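# Architecture at a glance
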Amino acid sequence: QVRVVESGGGLVHSGGSLRLSCTLSENIVSLCVMGWYRQAPGKQRELVATITTPLATNFADSVKGRFSISKDNNGKTIYLQMNSLKPEDAAVYSCNADCRPAFENYWGQGTQVTVFS
């Protein structure tokens, strides 16, 4: 079973920045569509950004120009750099590794991002 661990969440002032990390227990990022999702209280989970190999990225309209997604050369980790954070960005951010068909679809436990104005 591949484990997915997120880190980097926290409390930040509006306009501030955070970097989230997502690390897999196996060196298989290159085989997966890696994505960050978020869910705020009372709302549905939404896609924030994805990154694939060969390099291709996709962002939700609400975060374009403010967030970036990247991969580490270690083959296990991706990052979500979040700049110019807004209160509406506050949510639990979860990392998804869709590694099918070679492997399975995996989710992390999530990390809380709180933005105060």
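Anything mentioned here points back to the structure above.
None of the values given here were measured: they were computed from a predicted structure. (Residues numbered from 1 in each chain as written. Predicted model: local features only at pLDDT ≥ 70, side-chain atom pairs only at ≥ 80, totals over all residues. Heavy atoms only, no water.)

This part takes up the pairing of strand S7 (residues 67–71). Pairing of S7 with strand S8 (residues 77–82) involves five bridges; the strand directions are antiparallel. Across the sheet, residue Phe67 finds its bridge partner in S8, namely Met82. Following S7, the chain reverses through five residues before pairing antiparallel with S8; Gly75 in that reversal takes a positive phi of roughly 80°. (Pairing = 2+ DSSP bridges. Helix = DSSP H or I, 4+ residues; strand = E, 2+ residues; numbered from the N terminus.)

This brings us to the nonpolar core. Grouped together as the largest cluster of nonpolar side chains are 33 residues, with contacts concentrated most on Leu24, Met34, Trp36, Ile78, Leu80, Met82 and Tyr93. Of all elements in the fold, only strand S3 (18–24), strand S4 (33–39), strand S5 (46–52), S7, S8, strand S9 (91–98) and strand S11 (111–116) reach the threshold of two or more residues within this core. Setting aside anything within four residues of it in sequence, one finds Leu80 in contact with Leu18, Arg19, Leu20, Trp36, Val48, Ala49, Phe67, Ser68, Ile69 and Tyr93. (Core = buried A, V, L, I, M, F, W, Y, C linked by side-chain atoms within 4.5 Å. Buried < 20%, exposed > 50% of the residue type's maximum accessible area, 1.4 Å probe, protein only. Contact = heavy atoms within 4.5 Å.)

Turning our eyes to something else, we now look at the pairing of strand S6 (residues 56–59). Of the pairings in the sheet, the one linking S5 to S6 comprises four bridges and is antiparallel in character. Its bridge partner being in S6, Thr50 is matched across the sheet by Asn58. Linking S5 to S6, which pair antiparallel, is a turn of three residues.

Our next topic: the pattern of salt bridges. The full count for this structure, using the stated rule, is five salt bridges. Here Lys64 ties to Asp61 by a salt bridge, and the two come within 3.1 Å at their closest N and O atoms. Each member of the pair Lys64 and Asp61 is classed as exposed. Between Asp89 and Arg66 there is a salt bridge, with its nearest N and O atoms 2.7 Å apart. Of the two residues, Asp89 sits in the loop between S8 and S9 while Arg66 sits in the loop between S6 and S7, which places them 23 residues apart along the sequence. The pair Asp89 / Arg66 is uniform in exposure class, with both members buried. Each of Arg38, Glu46, Arg66 and Asp89 takes part in one network of salt bridges that share partners. (Salt bridge = Lys/Arg side-chain N within 4 Å of Asp/Glu carboxyl O.)

This part is about the state of the cysteines. Inspection of the entire model under this criterion finds two disulfides. Two residues share a disulfide in this structure: Cys22 and Cys95, whose sulfurs sit 2.0 Å from each other. Judged by the sign of its S-S torsion, about -75°, the cystine formed by Cys22 and Cys95 is left-handed. Of this pair, Cys22 sits in strand S3 while Cys95 sits in strand S9; the two residues are 73 residues apart in sequence, bridging distant segments of the chain. The class of Cys22 is buried, set by a relative accessible area of 0%. Two residues share a disulfide in this structure: Cys32 and Cys99, whose sulfurs sit 2.1 Å from each other. Handedness of the Cys32-Cys99 disulfide follows from its S-S torsion of about 100°: it is right-handed. Of the two residues, Cys32 is situated in the loop between S3 and S4 and Cys99 in the loop between S9 and strand S10 (105–107); the sequence distance between them amounts to 67 residues. (Disulfide = S-S within 2.5 Å.)

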